[in-house]
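Remarks on the overall topology
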Amino acid sequence: MKCEWVKDNVLLYVYNELPDDARYELEQHLARCTDCTAELKTTRKFHAMLSELPVEEPSPNLVAASRMRLQEGLETAEQGRFWHRLIFDPAAWLRQVRFAPALAAAIFIVGFAGGIATTYKVVSDKGASIASGPVSSPAESSITGIQSISQDPGSNHISIKYNTVSTQEAQGSLNDQRIQQLLLFAARNNYNSGVRMDSVDLLTQEPNNTHVREALMYALRYDSNPGVRLKALDSLGAFVKSDPRVRDVVLEALIQDSNPGVRTDALRLLDPVRADSSVRTVLQELARSDQNQYIRSQARIMLSQLPEFD
Amino acid sequence: MRGLMAGQASRIDDTLLVREAQRGNRAAFEELVRSYDQAVLRLALHLTGSEHEAQDVYQEAFLKAYKSIGNFRFECSFYTWIYRIVTNLCLDHLRKRQVRKEDAPVATDATGEQYDVLDQVPDGRSGANPERNLMSRELGKRISHALEKLTPRERMVFELKHYHGLKLRTVGEVLNTTEETAKNTLFRATQKLRGALADMR
């Protein structure tokens, strides 16, 4: 009977899981049937009641702390990933080498003579004869990793793909897209904090560019050098009001940065948005229990300047 | 340079980020994490009721993703893949909790009612709604208890569908089963919950 079908499907209806035709039929039936309408009402009430256990947004504190902890975990995991990155299993590779003992020597000769991402076929029989691609001098190229090694089954043909890197130079102005891309890359990836500082410094001249802003946010969050973080923070400060993502990143810095200079600066830069609920919550927490006396008192001052509407 | 510039990465869709992450680009992986981590925390937080445990689930989930991203073959969306990892960890967590409860010491409260000493009660979280009154928190507690009576799978299906709005089809994919099975599990879970909460108005 129709009512039975409707009662079986009212749950799916409430969850918006019914296909359009079924939904239409159900709604048609409800228009004519008080019993089933009552059933729908009960189901909806039950649903509403379940939200007495509401899904809460994780606090900015929790998000920041989780991200930091993950970062540490990733650093440790990184070491174990070296072989993974090369996409080959060294044990299996060694097994192949056993069938062609001259191969090991041949590979390294081939490597230093190579260009970028070149594939070589090495035919190993009585001696290795190497068919090679373009050759450039060893000083200009070095191997960053071996990408893959495969051996044609039943033959001595081996194919090796490897990557090399060579130093190049780019020149241009800050408006040059290529220059911007390299600056963004340097800000994130360079091991030398001096280079990172230089790139962030240049990038702060263009914070309106979305990519640049994201790189600055990244630097504020993750750079290990407090000088770099401070530089990025100061540039982002102007956007705290207009861009909620910037506000959140600065809030994150205020909560968990290890450097007190960065934290006090972040606090100062958040003043224009101190009335925002997330900022206010953090200020209350800081005013109550922060270890740093200056931050505690500053937070209190900022809170006292807020309009009363609680 | 052939590699993706980190600054552009956030605008490009998941596919390219995943490929980069598979090549060992940690910045790309971190970018991916940032698209999903609040949703993951939200799920873990609501399910476990504890910030501490939510953080543990988060940590395990993303480390696992990082270590096994090389095995991701794009046969499903990255979204589904991540949710699958998190869900499996949540299921483990729920099973462990069940086992503990079976041996859990039982005590009697002021009204003479028995309760489990190890009960997970939603804790007071920072940034939570201070407006929620005592009554509402009591109801929340009872719902929490009722949810604990479900089997881990039932709880998971209900959680994903009701509290996080995933389509039943996705729920099926995430749990490595069919949409039909997910649907039936949802029905069972709802029936049980209605029974357990029947006297609540």
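Residues numbered from 1 in each chain as written. Chains lettered and ligands numbered in written order. Predicted model: local features only at pLDDT ≥ 70, side-chain atom pairs only at ≥ 80, totals over all residues.

**Things to note about the overall build of chain B**
When you go through chain B residue by residue, the secondary structure sums to nine helices and two strands. Shown N-terminal to C-terminal, the secondary structure of chain B runs as helices and strands in the order α-α-α-α-α-β-β-α-α-α-α. Among the 201 residues that make up chain B, the fraction classed as buried is 33%. Sequence-distant contacts in chain B: of pairs separated by 6 or more residues, those separated by 24 or more amount to 51%. (Helix = DSSP H or I, 4+ residues; strand = E, 2+ residues; numbered from the N terminus. Buried ≥ 20, exposed ≤ 12 C-beta atoms within 10 Å, placed from the backbone. Contact = placed C-beta atoms within 7 Å.)

**As for the nonpolar core**
Nonpolar side chains in soluble globular proteins tend to end up buried together. With 50 residues, the main nonpolar core has L41(B), A44(B), Y58(B), V86(B), V157(B) and V171(B) as its most contacted residues. Considering every element that reaches this core, the biggest residue donor is helix α3 (residues 26–48) of chain B, with eleven residues. Counting contributing residues, this core receives three or more from each of domain 1 (10–121) and domain 2 (129–201) of chain B. If near-sequence neighbours (up to four positions away) are discounted, V157(B) is found in contact with V171(B), A182(B), T185(B), L186(B) and A189(B). Listed in part, the 36 residues of the second largest apolar core include L233(A), V249(A), L267(A) and L283(A). (Core = buried A, V, L, I, M, F, W, Y, C linked by C-beta atoms within 7 Å. Domains from an automatic or database assignment.)

**Remarks on the confidence of the model for chain B**
Low-confidence regions, as indicated by low pLDDT, have predicted coordinates that should not be scrutinised in detail. All names here are of chain B. Mean pLDDT for chain B: 81, with 77% of residues reaching 70 or above. When pLDDT is averaged over each element of chain B, helix α7 (residues 152–163) comes out on top at 96 and helix α1 (residues 6–9) at the bottom at 40. Low pLDDT, under 50, characterises residues 1–11; the predicted model gives this stretch 24 contacts beyond four residues in sequence or across chains. Note on residues 118–127: pLDDT is under 50 here. Beyond four places in sequence and across chains, it has 24 contacts. (pLDDT = per-residue confidence, 0-100.)

**Some words on α7(B)**
Spanning twelve residues, α7(B) covers 15 Å between terminal C-alpha atoms, matching the ideal 16 Å at 1.5 Å per step. Of the residues making up α7(B), those classed as buried are E154(B), R155(B), M156(B), V157(B), F158(B), E159(B), L160(B) and K161(B). (Expected span 1.5 Å × (residues − 1).)

**Looking at helix α4 (residues 51–68) of chain B**
Residue and element names in this part refer to chain B. Relative to the 26 Å expected for 18 residues at 1.5 Å per residue, α4 spans 26 Å between its end C-alpha atoms, a close match to the ideal helical length. Along α4, the residues classified as buried are E51, A54, Q55, V57, Y58, A61, F62, A65 and Y66. The arc that holds the buried residues of α4, viewed along the axis, is 160 degrees, so those residues lie on one side. The outward face of α4, more than 90 degrees from its buried face, is lined by the exposed residues H52 and S68. (Arc of directions from axis to C-beta.)

**Quick notes on unusual backbone geometry**
Positive phi is not limited to glycine here, since N16(A) has a value of about 60 degrees. Along the chain, N16(A) turns up in the loop between α1 (2–14) and α2 (20–32). Of note in the backbone geometry, N176(B) takes a positive phi value of approximately 60 degrees without being a glycine. Inspection of the secondary structure assignment puts N176(B) in the loop between α8 (168–174) and α9 (179–196). Accessibility expressed as a C-beta count within 10 Å gives 10 for N176(B), which makes it exposed.

**Some remarks on the environment of M156(B)**
Residue and element names in this part refer to chain B. With respect to the secondary-structure elements, M156 resides in helix α7. For M156, a count of 24 C-beta atoms within 10 Å gives the class buried. Once the C-alpha coordinates of M156 and L175 are considered, the two residues, 19 residues apart in sequence, prove to be 8.9 Å apart. Ignoring any residue separated from it by four or fewer positions in sequence, one finds M156 in contact with T87, C90, L91 and L175.

**Some points on the environment of A65(A)**
Examined against the element boundaries, A65(A) turns out to sit in helix α4 (residues 60–80). Accessibility expressed as a C-beta count within 10 Å gives 18 for A65(A), which makes it partly exposed. For the pair A65(A) and E252(A), spaced 187 residues apart in the sequence, the C-alpha separation amounts to 9.1 Å. Beyond its immediate stretch of four places on either side in the chain, A65(A) contacts Q256(A) and Q55(B).

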